[in-house]
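# Geometric and topological summary
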Amino acid sequence: MNGILCCYFGLSAFIVTLGMLTAVRGLAQQLFPLPLSSFGSGFAWLGGSRIAGIDAPVFIAALVLVAGALFLALAPSGRHVFAIGVNREAAYLSGINIRRTPYALFVVTGVAAALAGAIKASVLDSVVAGTSGAGFELTVLTAVLLGGVALTGGSGSILGVLLGVLFLGCLQNGLTLLSVPTFWQQMAQGTALVAGAALAYFGPRLTR
């Protein structure tokens, strides 16, 4: 739905995504007002098992990262993603489908987010509809910006995103281990978000 509204009707991706997020959260709370738990041993495998000696969530994340990196580096559609981000009109004149490619990205992103939510529910063996994962959108945005991805498109890499995720995870984990109050942790995350936005804005200009 997000892909259709943004790619085929020209609506703002940022506004549509946030609006649909709020709407779906409200719908989830209406459908499942009580917490859900005890999903069974089969579902618990997703978050609690080990594959080749590696925790399943880490193994799955590594597969997704490698697949994304190979797609962006080797597939023609991966290069089209960057081309559309750099100059949408020039990409269109070059014969790139400027609607279908972003639409496919919306679908892939939705599937990845669903997989992450399923892993989180499997690890905790419980979920509160509409509130589990609340605030993760800011965490993801911070990690992506710190990883060098431009919100306007056209630049970024899977490795950079991975480094951004690791940095933010180490920051949050370190503050928790040091028993830093929650409000200070929120301030640190907010500061990191602003720093990431500044890096995305000034970084390309400093390298010219």
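For the structure, see preceding data.
Attention in this report is confined to the structure presented alongside it. All values derive from a computational prediction rather than experimental measurement. (Residues numbered from 1 in each chain as written. Predicted model: local features only at pLDDT ≥ 70, side-chain atom pairs only at ≥ 80, totals over all residues. Heavy atoms only, no water.)

### Focus: the packing of aromatic side chains
Note the cut-off: Centres within 6.5 Å make a pair out of two Phe, Tyr or Trp rings, where for Trp the six-membered ring is used; the pair is then stacked when the planes are under 30 degrees apart, edge-to-face when over 60, and tilted otherwise. Strands are runs of DSSP state E lasting at least 2 residues, helices are runs of H or I lasting at least 4, and numbering of each runs from the N terminus. The buried label goes to any residue with under 20% of its type's maximum accessible area, the exposed label to any with over 50%, and the partly exposed label to all in between, with areas taken from a 1.4 Å probe on protein chains only.
Taken as a whole and judged by the stated rule, the model has 3 aromatic pairs. An angle of 70° between the planes, with centres 5.8 Å apart, marks the rings of Y8 and Y103 as edge-to-face. Taken together, the residues Y8 in helix 1 (residues 2-8) and Y103 in helix 7 (residues 100-124) connect sequence positions 95 residues apart. For Y8, a relative accessible area of 37% gives the class partly exposed. Ring centres of F39 and F43 lie 5.3 Å apart, and the angle between their planes is 70°; on these two criteria the pair is classed as edge-to-face. A relative accessible area of 31% means that F39 is categorised as partly exposed.

### Digging into helix 4 (residues 56-74)
Heads up, the rule is: Take the number of residues in a helix, subtract one, and multiply by 1.5 Å to get its expected span. The arc in question is formed by the directions pointing from the helix axis toward the C-beta atoms. By definition, residues are in contact when any of their heavy atoms lie within 4.5 Å.
With 19 residues, helix 4 should cover 27 Å at 1.5 Å per step; its first-to-last C-alpha distance of 27 Å lies within 8% of that length. Among the residues of helix 4, those classed as buried are A56, I60 and L72. The buried residues of helix 4 all sit within an arc of 130° when viewed along its axis, so they share a single face. In helix 4, the exposed positions angled more than 90 degrees off the buried face are occupied by A73 and L74. Packed against the buried residues of helix 4 are helix 3 (41-48), strand 2 (50-51), strand 3 (54-55), helix 5 (76-86), helix 7 and helix 9 (158-177).

### Brief notes about the pattern of salt bridges
Charged atoms that come close allow side chains of opposite charge to pair. Quick note on the threshold: We define a salt bridge as a side-chain nitrogen of Lys or Arg found within 4 Å of a carboxyl oxygen belonging to Asp or Glu.
For the structure on display, the rule yields 2 salt bridges. For R25, the salt bridge goes to E137, with nearest N and O atoms at 3.2 Å. Of this pair, R25 sits in helix 2 (residues 13-31) while E137 sits in helix 8 (residues 136-146), and the two are 112 residues apart along the sequence. When its relative accessible area of 33% is taken as the criterion, E137 is described as partly exposed. Across the pair R50 and D55 runs a salt bridge, and its minimum N-O distance is 2.7 Å. On the basis of relative accessibility, which here comes to 55%, the residue R50 falls in the exposed class. In this structure D55 comes out as partly exposed when scored by relative accessible area, which is 37%.

### Digging into the packing of helix 3 against helix 4
The angle between the axes and the distance between the axes are what describe a pair of packed helices. Stated precisely, the cut-off is as follows: The angle between two axes is taken between their N-to-C directions and runs from 0 to 180 degrees, where each axis is a line fitted to C-alpha atoms and a helix contributes only its stretch in contact. Roughly parallel here means an angle under 35 degrees, roughly antiparallel means over 145, roughly perpendicular means 65 to 115, and every remaining angle is called oblique. Residue polarity is assigned by list, with Asp, Glu, Lys and Arg as charged and Ala, Val, Leu, Ile, Met, Phe, Trp, Tyr, Cys and Pro as nonpolar; anything else, Gly included, falls into the polar class.
Interaxial distance between helix 3 and helix 4 falls to 6 Å at its minimum, and their mutual angle equals 65°. The angle between helix 3 and helix 4 falls in the class roughly perpendicular. Contact residues: W45, L46 and G47 in helix 3; A56, P57 and I60 in helix 4. When its residues are assigned to classes, the contact of helix 3 with helix 4 shows 5 nonpolar, 1 polar and no charged.

### So, the side chain of S122
Positionally, S122 belongs in helix 7. Residue S122 is classed as buried on the basis of its relative accessible area, which comes to 5%. Sequence-distant contacts of S122, defined by excluding residues within four places in its chain, comprise F43, A44, W45, L46, G47 and G48.

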